[in-house]
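Examination of the molecular architecture
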Amino acid sequence: MEYDPTLLLQVEDAHKSFPGVKALSGMRLDLRKGEVLGLVGENGAGKSTLMKLLTGIYTQEEGSFWLNGEPLRVRTPREAEERGLSIIHQELNLVPHLSVAENIWLGRESLAGKVFTKPGTQIRRTQELLDTLELDLDPRSLVTNLTVAKQQMVEIAKALSFDARVLIMDEPTSALNEAEVAQLHTLIRRFITPETGVVYITHRMPELKLITDRITVIRDGSYISTTNTAETTLDEVISGMVGRAIDTSARPVNVRDDREPILSVTNLTTKSLLRDVCFDLYQGEILGFAGLMGAGRTETARAIIGADPIVSGQIIVRGRPVVIHSPAQAARLGIGYLSEDRKRYGLMLNLDLTHNVVISSVQDKFSRSVFESRRPMRAAAQDATDLLKIKTPSVSQLVKYLSGGNQQKTIIARWLVKDCDILIFDEPTRGIDVGAKEEIYQLLNQLASEGKSIIMISSELPEVLRMAHRIVVMNDGQVTGTLRADEATQESIMQLATMRAEEKGQ
């Protein structure tokens, strides 16, 4: 094939297979000089496989790969970086106990004339790099003490220390708030020159309009389309990703609040952040929690389930005051919690689906004898798998091999088997694609219609507006307001999310 001189990166007719699986078939991609190219597709569509081919993690089998007019054949990630092609993975690849400078130059400390020719050279070169990028970071700071947003900046600085021409960003904003997303986008624009480009992978559809010049859609390992961002709609992009139209305009109706609440929280206060948090949750309601990062939403959930101690306040479950000292005690009271970090706190990745589903119900639902309980446990896991339409070869599949959406469903299945009727979802769609999001939305609506009561914490305002019957807004550890579905807008939520506590009564 002939190379297009206007392109920085070009892929044509790429194929990649694994035992029993065709991951890519005739894949293509082109990145122009000076642009941000959005790359979207459902989980399993082939995005990660394509990026791993480009960066030397996987061996290139079939297809043509070009970088800045020259054939691109790399065998290792380091070789790709030396060619000017860097990738920032969704799971940040930093060493927590090392400093910013040590992380940026890790593995290159002894290169003569580049880093350690004299004491302090590493710090100086790091500061020069940070100044060029206009990043407010101290080279001596330990990475473990940085926010996720600042760790993301360290990853970017590390990638650009290789003089990157192409920067691949895989879900760079999945753990960032709106202000941090804006800061990251500013950094990306600063990186773009007539000789550089960015491949931007995201499940957050609105970001495509904010940062990309064109959008490439892939599905089931195959190329679907590339369009100018300004000339397409997000509904068209989503339709291309999932192969069908999805209605994103649905809004919930108000719920009756003249009944006895199933959960009532009054003046909940913790030592570190929360102050006099009050709200009610009704049967069959999806109660959204909104606010900026650090507002206290997750801390409220953790205090309710006994994961964090409370200083004062009252929790009433089904009309009865309770004192909850642990998540296990909360589960016995019918309260299930799905953490925002499902891989760290929610799942046992090296165990199968059955064990992940029944783990919270073993003592009260199954025989303590492994041999007696194995069959009913598998049956319970299979019933939950069928109900939630978890895509898996069998309930014996290790959870680490499931997609993000199916991992999320696995945790939901756990609390359904446990018979929890109060479910707290913390960022339930973080890191999963738009098709899987739609399935989670439908599932939450179904659970609510069956009488389950749901608290939904989300950083995505369109998600909260679409799903919640009422929305509790927090700022600085306090509730600044509660909005009904028919009165809530992004503007009204943000107004409350930025309101100081002393302004509430004005």
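Here, the structure is the one placed above.
As a starting point, this report considers the structure included with it. (Residues numbered from 1 in each chain as written. Predicted model: local features only at pLDDT ≥ 70, side-chain atom pairs only at ≥ 80, totals over all residues. Heavy atoms only, no water.)

**A look at the pairing of strand S6 (residues 85–88)**
For clarity, the cut-off: Residue burial is assigned from relative accessible area. The probe radius is 1.4 Å, only protein chains are included, and a residue is buried under 20% of its type maximum, exposed over 50%, and partly exposed in between. By the criteria applied, helices consist of DSSP H or I runs no shorter than four residues and strands consist of E runs no shorter than two, each listed in order from the N terminus. In this analysis, strands are considered paired if DSSP registers two or more bridges between them.
The alternating pattern of S6 places Leu85 and Ile87 and Ser86 and Ile88 on opposite faces, both of which are buried. Where S6 and strand S7 (residues 166–170) come together, four bridges link them in parallel fashion. Paired with Ile87 across the two strands is Ile168, which belongs to S7.

**Observations regarding the environment of Ala381**
How we decide: Note on contacts: a residue pair is in contact if any heavy atoms of the two residues lie within 4.5 Å.
Within the secondary structure, Ala381 is located in helix H14 (residues 370–388). Ignoring sequence-local partners within four residues, the contact set of Ala381 consists of Leu353, Thr354, Val357 and Val395.

**So, the sheet that holds strand S12 (residues 277–281)**
Put simply, the rule is: Where helices are involved, their axes are fitted lines through C-alpha atoms of the stretch in contact, as for all axes, and angles between N-to-C directions lie from 0 to 180°.
Taken in spatial order, the four strands of this open sheet run S12-S11-S14-S15, and their pairing is antiparallel. In the strand order of this sheet, the two ends are held by S12 and strand S15 (320–322), each with one partner. The sheet shows a mean angle of 20° between the axes of neighbouring strands, direction not considered. Pairing of strand S11 (residues 263–269) with S12, which is carried by four bridges, proceeds in the antiparallel orientation. Paired with Ser264 across the strands is Asp280, a residue of S12. Running over the sheet, helix H9 (residues 297–304) touches S11, S12 and strand S14 (312–317) and is turned about 110° from S11.

**Digging into the side chain of Arg204**
Tracing the sequence through the fold places Arg204 in the loop between strand S8 (197–201) and helix H7 (205–211). Among all residues touching Arg204, those that are not within four sequence positions of it are Thr173, Ser174, Leu176, Val181, Ser459 and Glu460.

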